[in-house]
Amino acid sequence: MTTRLGTASAGPGEVDTGRLEVGETRDGSTFGLPVAVVNGAKPGKTLYMQAASDGDELNGVGVLQRVVPQLDPAEIAGTILIVGIVNYHAFQVAEHRNPIDDTKMNRAYPGSENGTSSERIAAATFEAATRADLILDLHQGSTSRMIDEVRVRCGTRHRLHDECLELAKAFGCGYVLDQKGPDGQLARAAPDEGIPTVDPELGGCVGWDETSIRKGVEGVFNVLTYYDFLEGTVDPERQTRANGFEQYGASCGGLIDFEKDLGDEVARGETLYRITTPFGETKETVTADSDGILWRTRRLPQVATGEYVCSLGTDLDSY
Ligand SMILES: [Zn+2]
């Protein structure tokens, strides 16, 4: 049977790319999100993947660029639906949020066909996503520095919590953040429709990060193998799970000197960072409030009072 997504149309054993039209730009020309359909020669599950839901998060695009040419539909059981760039307008100007309505795309799901710019894009991609059995929404820690991890956002009480955890483990970054996300996330809205969904968060960088892209490519192939799109077996590795997430903001202005590296384990009371003057004097020494892992840090050292400094993954276990 032929599978269509926007103008992409592929019969069994075929791949096609095209555009999923969502409206017009300010000059009145129609625009469409780049899409791909990989229709396996054999029947199986459907996987939906998307990237650049946040317009400055390019590692996911880097992953799809490498994954798609490696997919041979003759060897695939099932169907893969892909939206390569979700936040069209933000991507054009290399920003995080959609500049048309100043909205974060991942707060707009499930979207609305007659809504704002972001809601319409969310609705169009949600329609595609909810045709699938599994969803990967490729993100990263924006332009901050962050470890490679996978987020389970449905919340521990959700009926699909176990299945989302399983998908996160199959992807296999090594770290999972298991914490209910804010309303409007695809990884919140799609599990409500009965579809296991996770956000692989592939590092954090300006532009592309080779290491995180490689981890993402590996993760996608792990998922394709684990869920029988591809032949073979994967034995998912144990994941370190954070059930809590602690944010640190600057109590005064200055320059941040981290005493821990990303991914380091820290004990409660250990020094995380110092805030210093331009002449190297320490203004404040900040210690960890909990045991955890240094998960994410700001990129630039200079901070004003109240500005974001870093986050710890806390309440750790493994599964
Ligand atoms: Zn994101």
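Residues numbered from 1 in each chain as written. Predicted model: local features only at pLDDT ≥ 70, side-chain atom pairs only at ≥ 80, totals over all residues. Heavy atoms only, no water.

The condition is simple: UniProt positions are given in the numbering used here, feature names are shortened, and annotations may be inferred rather than shown by experiment.
Recorded in UniProt for the protein, the comment headed Cofactor (unreviewed entry) runs: "Zn(2+)".

Examining the coordination of the zinc ion
Rules: Donor atoms are limited to N, O and S found within 2.8 Å of the metal ion, a distance that becomes 3.2 Å for Na, K and Ca. With water left out, some sites might look partial. Helix numbers and strand numbers start at the N terminus; a helix is a DSSP run of H or I with at least 4 residues, a strand a run of E with at least 2. Relative accessibility decides the category of a residue: with a 1.4 Å probe and only protein chains considered, values under 20% of the type maximum give buried, values over 50% give exposed, and everything between is partly exposed.
In the first shell of the zinc ion, the protein supplies Asp54 (OD), Glu57 (OE), Glu57 (OE) and His139 (ND1), at 1.9 to 2.5 Å from the metal. Mapping the donors of the zinc ion onto the primary sequence yields the spacing D-x2-E-x81-H. In this pair, Asp54 is assigned in the loop between strand S5 (42–51) and helix H1 (59–70) and His139 in the loop between strand S7 (134–138) and strand S8 (145–146), connecting sequence segments 85 residues apart. Look at Asp54 and you get buried, because its relative accessible area is 1%.

Concerning unusual backbone geometry
Each neighbour pair has its own omega, and for Tyr109 with Pro110 the value is 10°, a cis peptide bond. On the secondary structure map, Pro110 appears in the loop between helix H2 (88–92) and helix H3 (117–129). The backbone of Ala52 sits at a positive phi, close to 55°, despite the residue not being glycine. Here Ala52 lies in the loop between S5 and H1. Residue class for Ala52 comes out buried when judged on its relative accessible area of 0%. A positive phi angle is found at Ser142, which is not glycine, with a value near 50°.

Some remarks on the environment of Glu307
Worth spelling out the cut-off: When checking whether two residues touch, look at their non-hydrogen atoms; a contact exists if any pair is within 4.5 Å. Between N or O atoms, a polar contact is any pair within 3.5 Å; within protein, one atom must be a potential hydrogen donor and the other a potential acceptor, and residues adjacent in sequence are included only when both atoms are from side chains.
Examined against the element boundaries, Glu307 turns out to sit in the loop between strand S18 (302–303) and strand S19 (308–318). In sequence terms Glu307 and Gly249 are 58 residues apart; their C-alpha atoms lie 5.3 Å from each other. Residues within four places of Glu307 in sequence aside, it is in contact with Tyr248, Gly249, Ala250, Arg298 and Gln302. At a separation of 2.8 Å, a polar atom in the side chain of Glu307 contacts the main-chain amide nitrogen of Ala304.

Structural notes on the sheet that holds strand S16 (residues 282–287)
Formally: Criterion used throughout: strands pair if DSSP finds at least two bridges between them.
A sheet is described by the order of its strands in space; here four strands give the open sequence S16-S15-S13-S18, paired in antiparallel fashion. At either margin of the open sheet sits one strand with a lone partner, and together these are S16 and S18.

A few points about the packing of H1 against helix H6 (residues 210–226)
A pair of packed helices is characterised by two quantities: the angle between their axes and the separation of those axes. Heads up, the rule is: All axes are obtained by fitting lines to C-alpha atoms, using only the stretch in contact for helices, and the reported angles, taken between N-to-C directions, cover 0 to 180 degrees. Comment on the angle field: the value is read as roughly parallel under 35 degrees, roughly antiparallel over 145, roughly perpendicular from 65 to 115, and oblique elsewhere. Each crossing gets its hand from how the near helix is turned against the far one by less than a right angle, where anticlockwise is left-handed and clockwise is right-handed. Each residue is assigned to one class: nonpolar for Ala, Val, Leu, Ile, Met, Phe, Trp, Tyr, Cys and Pro, charged for Asp, Glu, Lys and Arg, and polar for all the others, Gly among them.
Across the interface, H1 lies against H6 with an axial gap of 9 Å and an inter-helix angle of 50°. One element, H1, and the other, H6, form an angle in the oblique class. Where H1 crosses over H6, the handedness of that crossing is right-handed. Contacts between H1 and H6 pair Asn59, Gly62, Val63, Arg66, Val67 and Gln70 from the former with Glu210, Ser212, Ile213, Arg214, Gly216, Val217, Val220 and Phe221 from the latter. When its residues are assigned to classes, the contact of H1 with H6 shows six nonpolar, five polar and three charged.

Details of the pairing of S7
Buried residues dominate S7, accounting for five of its five residues. A two-sided burial pattern is seen for S7, the buried positions comprising Leu134, Leu136 and Leu138 on one face and Ile135 and Asp137 on the other. Pairing between S5 and S7: five bridges, direction parallel. Looking across to S7, one finds that Leu47 is bridged to Leu134. Two strands pair when backbone bridges link them, and S7 and strand S11 (residues 197–202) are joined in this way by two bridges, in the parallel orientation. Looking at S11, one finds that Leu136 is bridged to Val198.

Details of the domain arrangement of the protein
Quick note on the threshold: The split into domains, and so the bounds of each, comes from an automatic or database assignment of domains. In short, buried area is how much 1.4 Å probe accessible area vanishes from two parts on joining, totalled over both.
Its domain assignment divides the protein into domain 1 (3–227) and domain 2 (246–313). Using C-alpha coordinates to define each centre, domain 1 is positioned 32 Å away from domain 2. Across the contact, 15 residues belong to domain 1 and nine residues belong to domain 2. Across the interface of domain 1 and domain 2, roughly 1,000 Å² is buried in total on both sides, 57% from carbon and sulfur atoms. Counting the surface domain 1 buries against domain 2, the share from its top three residues, Arg145, Ile147 and Tyr175, is 54%.

Focus: the pattern of salt bridges
To be explicit about the condition: Salt bridge, as used here, is a side-chain nitrogen of Lys or Arg placed within 4 Å of a carboxyl oxygen of Asp or Glu.
Summed over all chains, the structure comprises 13 salt bridges. One salt bridge connects Asp54 with Lys104, and the closest N-O pair in it is separated by 3.1 Å. Here Asp54 is found in the loop between S5 and H1, whereas its partner Lys104 is found in the loop between H2 and H3, with 50 residues between them in sequence. For the pair shown, Asp54 and Lys104 are each scored as buried. Here Arg274 ties to Glu259 by a salt bridge, and the two come within 3.1 Å at their closest N and O atoms.

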